Amino acid sequence: MESTFFAAISRMKYIERWALMRSSRPENLSEHSLEVSMIAHALCLIGNTRYGKNLNADRAAVIGLYHDATEIITGDMPTPVKYYNEKIRESYKELESIAEYKLLNRLPADLQEAYRSILLPPQELSEDEAQLRRMVKAADKLSAFIKCIEEEKAGNREFATAKETIFKALTAYAEEIPEVRDFMQDFLPSYGKTLDELS
């Protein structure tokens, strides 16, 4: 049986993020998902190495790769629209849920169970799974903040307000997730530097 799952997933490269913003360089969903995956993986490794946790960094990376996959179907809903009010937020959640199942059903039947726990957050999360998904959410915010830094370094003031808002959210994350604080201290300062400066 022909499966359209990976052909659909490959279309992430056509979904542009930050639709309402003027970007100096467009960012697509594919590259964003890769960055979120790498950062989520790093956050878990920081937790394991520095804080004695036992987080499954590889699973966090995979969840990060697929965390926005539903946008292949829904498109990237701008944050101000998505969170405008409770009714819109609930409607969008319902739409995302439908899209998750549509994606899952594109897989051959024998692979659906393996992908279910990646594409669909379980109804009742174990503490381990909840921690991994928090790391992916934090990585998503960090990736958005990195985009703001890069735009600012390119001389684009369009992202100034977004940068402030995201920084506040990251500060709140850092209070409860020390791995986020560590990532911000250890890795964020080098973003936006030139290739020569990085060398």
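One can find the structure itself at the top, above this paragraph.
Throughout what follows, the structure given in this document is the object of discussion. Only a predicted model underlies this, so the values are computations on that prediction, with no experimental measurement involved. (Residues numbered from 1 in each chain as written. Predicted model: local features only at pLDDT ≥ 70, side-chain atom pairs only at ≥ 80, totals over all residues. Heavy atoms only, no water.)

**Observations regarding the pattern of salt bridges**
Applying the stated criterion across every chain, the model contains 14 salt bridges. Of the charged contacts in the structure, one is a salt bridge between Asp68 and Arg17, with a shortest N-O distance of 4.0 Å. Of this pair, Asp68 sits in the loop between helix 3 (57–66) and helix 4 (71–74) while Arg17 sits in the loop between helix 1 (5–9) and helix 2 (29–51), and the two are 51 residues apart along the sequence. Residues Asp68 and Arg17 agree in their burial class; the two are buried. Put simply, Glu179 and Lys53 hold a salt bridge, and the shortest N to O gap is 2.8 Å. Note that Glu179 is positioned in helix 10 (residues 178–186) and Lys53 in the loop between helix 2 and helix 3, a separation of 126 residues in sequence. Taking the relative accessible area as the measure of exposure, Glu179 reaches 0% and is therefore buried. When salt bridges with common partners are traced through the structure, they connect Arg50, Arg181, Asp182 and Asp186 into a single cluster. (Salt bridge = Lys/Arg side-chain N within 4 Å of Asp/Glu carboxyl O. Helix = DSSP H or I, 4+ residues; strand = E, 2+ residues; numbered from the N terminus. Buried < 20%, exposed > 50% of the residue type's maximum accessible area, 1.4 Å probe, protein only.)

**A closer look at helix 2**
With 23 residues, helix 2 should reach 33 Å at 1.5 Å per residue; the first-to-last C-alpha distance of 31 Å fits that figure. Of the positions making up helix 2, those classed as buried are Leu29, His32, Ser33, Glu35, Val36, Ser37, Ile39, Ala40, Leu43, Cys44, Ile46 and Gly47. Packed against the buried residues of helix 2 are helix 3, helix 4, helix 8 (127–153) and helix 10. Between the side-chain oxygen at the start of helix 2 and the backbone nitrogen of Ser30 there is a gap of 2.9 Å, and the oxygen is on Asn28. Backbone geometry just after helix 2 places Gly52 at a positive phi near 65°. (Expected span 1.5 Å × (residues − 1). Contact = heavy atoms within 4.5 Å. Polar contact = N/O pair within 3.5 Å; in protein donor to acceptor, adjacent residues only side chain to side chain.)

**Observations concerning the nonpolar core**
Generally speaking, a soluble globular protein has its nonpolar side chains buried in company with each other. In this structure, Leu43, Leu142, Ile166, Val180 and Leu188 are the most contacted members of the largest nonpolar core, which totals 33 residues. Going through the elements one at a time, helix 2, helix 3, helix 8, helix 9 (160–176) and helix 10 are the ones with two or more residues in this core. The element contributing the most residues to this core is helix 8, with 11 residues. The residues contacting Ile166, other than those within four sequence positions of it, are Trp18, Lys141, Ala144, Phe145 and Cys148. Core analysis: the next-biggest nonpolar cluster, separate from the first, contains 16 residues, Ile9, Tyr115, Ile118 and Leu120 among them. (Core = buried A, V, L, I, M, F, W, Y, C linked by side-chain atoms within 4.5 Å.)

**What to know about helix 7 (residues 109–119)**
Within helix 7, burial applies to Gln112, Tyr115, Ile118 and Leu119. The arc that holds the buried residues of helix 7, viewed along the axis, is 120°, so those residues lie on one side. Relative to its buried face, helix 7 has exposed residues pointing more than 90 degrees away, namely Asp110, Glu113 and Ala114. Elements in contact with the buried residues of helix 7: helix 1, helix 3, helix 6 (86–104) and helix 8. (Arc of directions from axis to C-beta.)

**Here's the deal with the environment of Ala130**
Among the structural elements, Ala130 can be located in helix 8. Residue Ala130 is classed as buried on the basis of its relative accessible area, which comes to 14%. Between the C-alpha atoms of Ala130 and Ile9, which are 121 residues apart in sequence, the distance is 24 Å.

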